[in-house]
Amino acid sequence: MSIIILVGGSTPEANAEHRYLVNAFLDRFDERVTRIITAEPVRRSFGTRLKRMLKRGNYAERFARWRYPGGYGPDAAELQRLLDPGESTSLMPGGSRRTHLSSHNGPECEAILTAEEPDVIVVYGTPIIRENIFSKARIITLNMHTGLSPWYRGDSTLFWPVYYNEPDRLGVTVHQLVESVDGGAIAATAAVEYETGDREAELFAKGVRAGTALYLDCVEAALNGSLECQPQDLSIGREFRWKDRTVAAERQVLANFEQWEKTSP
């Protein structure tokens, strides 16, 4: 029984959360993990970025983002401190099993999967994976989503429950990977518990830890034939995109965190 892992990231060595997940899979499944595939982060030329900006408009928000001292999403160094403070190197683990490609959706990746016929494909933090890739698993392709589906799908989904003041919908989901974003049948979910003093980085790190533990059990169940997935009702909840996360939303989330801290037991 074999597992191939596809992970994304903002650098060729991925990010702390991706390395955390890969290390956990190597610890649990050892030689059953036959390959770890990373890919080049998407890089766009200045001209392409300018065209996209002009097409999208919303210049007031772009000006506000330029002036805003806060950052978009959890700080990478903070996540590394929270997930693996003892990490001595920021290199993707796996040794000779690690393969770096130009794209997870390209012909090189498809050829590897066709040749190796993995039983389970494990996906985390990549761009949208296309059917020519996720259909190559003999049993199932799974994805870990750091949000509670179907209520919060898409981008920044441990941010939005804070914005909407719904701490009971902080959670993570392992689901079958399909074409629709975070829309596949659900294998399992787990709650992420807010604690006094938590901010987005702490919640995200908790989500990665809880989701990874859940993911390991789901893959074990898939390999032994006991995994059951339940279809999602996509009429519930919403799919969020990066453009929804405005400066005003970030300020509201900071205000809500302060309020949660005052009212938490």
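Use the structure listed above.
Residues numbered from 1 in each chain as written. Predicted model: local features only at pLDDT ≥ 70, side-chain atom pairs only at ≥ 80, totals over all residues. Heavy atoms only, no water.

## Things to note about the pattern of salt bridges
Across all of its chains, the model carries 17 salt bridges by this definition. Between Glu31 and Arg97 there is a salt bridge, with its nearest N and O atoms 4.0 Å apart. Taken as a pair, Glu31 in the loop between helix 1 (16-29) and strand 2 (33-39) and Arg97 in the loop between helix 4 (76-83) and strand 3 (98-101) lie far apart in primary sequence, 66 residues in all. The closest approach of N and O atoms between Arg245 and Glu200, which form a salt bridge, is 2.7 Å. Here Arg245, found in the loop between strand 9 (238-240) and helix 9 (247-263), pairs with Glu200, found in helix 8 (residues 200-224); they are 45 residues apart in sequence, far enough to count as distant. By relative accessible area, which is 4% here, Arg245 ends up buried. One salt-bridge network, held together by shared partners, links Arg28, Arg32, Asp217 and Glu220. (Salt bridge = Lys/Arg side-chain N within 4 Å of Asp/Glu carboxyl O. Helix = DSSP H or I, 4+ residues; strand = E, 2+ residues; numbered from the N terminus. Buried < 20%, exposed > 50% of the residue type's maximum accessible area, 1.4 Å probe, protein only.)

## Comments concerning the environment of Leu170
One can find Leu170 in the loop between helix 7 (160-163) and strand 7 (171-176). A C-alpha to C-alpha distance of 6.0 Å links Leu170 and Leu158, two positions 12 residues apart in sequence. Not counting residues within four places of it along the chain, the set of residues in contact with Leu170 comprises Leu158, Pro161, Val162, Ala190, Ala191, Val192, Tyr194, Leu203 and Trp260. (Contact = heavy atoms within 4.5 Å.)

## Remarks on the packing of helix 4 against helix 8
Two elements in contact, helix 4 and helix 8, have axes separated by 10 Å at closest approach and are oriented at 50°. With respect to helix 8, the element helix 4 is oriented oblique. Remark: the crossing between helix 4 and helix 8 carries right-handed chirality. Together, Glu78, Leu79, Leu82 and Leu83 of helix 4 and Ala201, Glu202, Phe204, Ala205, Val208 and Arg209 of helix 8 make up the contact between the two elements. Here the residues of the contact of helix 4 with helix 8 sort into seven nonpolar, no polar and three charged. (Axes fitted to C-alpha atoms, helices over the stretch in contact; angles between N-to-C directions. Parallel < 35°, antiparallel > 145°, perpendicular 65-115°, else oblique. Left-handed = near helix turned anticlockwise from the far one by under 90°. Nonpolar A, V, L, I, M, F, W, Y, C, P; charged D, E, K, R; others polar.)

So, to be careful, I would describe these as geometric facts and stop short of saying anything about function.
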